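Structural overview
Letter by letter, the chains look like this.
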Amino acid sequence: MIDGNDNLTGEIIGSSKEKTHKRSGNVFWNALGVWVVKSPTPLFRKQVFDKILFDETIKVGEDVDFYQRMFYFFNIYYVNEPLSMYRDNDDSNRLSKKMRNI
């Protein structure tokens, strides 16, 4: 994570060390109902999209549906290192900040 001034905070968002071994291979049952894939980090082989696509008829949770179907059909390789930066700032207009106040 980085702060509003682009300084590293030292915090890393990812799998706990105790669960890393459950993140690669056939992960369908390990992921069912508990995984949320962070948007900037996944890489896909083209064959994934030859078999499954996002279901655009689902109004909420279409990404979770897509990932669960992908986990069912394909093996996963989990890279246990930071692949992107996430900026955390105190902007009161952020939806996540507003949700905390509700």
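Details of the structure are given in the entry above.
This is a predicted model, so every value here is computed, not measured. (Residues numbered from 1 in each chain as written. Predicted model: local features only at pLDDT ≥ 70, side-chain atom pairs only at ≥ 80, totals over all residues. Heavy atoms only, no water.)

So, on to the packing of aromatic side chains. Considering all chains together, one arrives at ten aromatic pairs under this definition. Ring geometry for Phe 44 and Phe 66: centres 5.9 Å apart, planes at 75°, overall edge-to-face. With a gap of 22 residues between them, Phe 44 in the loop between α1 (28–31) and α2 (46–51) and Phe 66 in helix α3 (residues 62–73) connect regions that are remote in the sequence. One aromatic cluster is present, formed by Phe 44, Phe 49, Phe 54, Phe 66, Tyr 67 and Phe 71 through successive ring pairs. Lys 51 extends its terminal NZ or CZ atom over the ring of Phe 73, reaching a point 4.5 Å from the ring centre. (Phe/Tyr/Trp six-rings, centres within 6.5 Å; stacked < 30°, edge-to-face > 60°. Helix = DSSP H or I, 4+ residues; strand = E, 2+ residues; numbered from the N terminus. Lys NZ or Arg CZ within 6 Å of the ring centre and 35° of its normal.)

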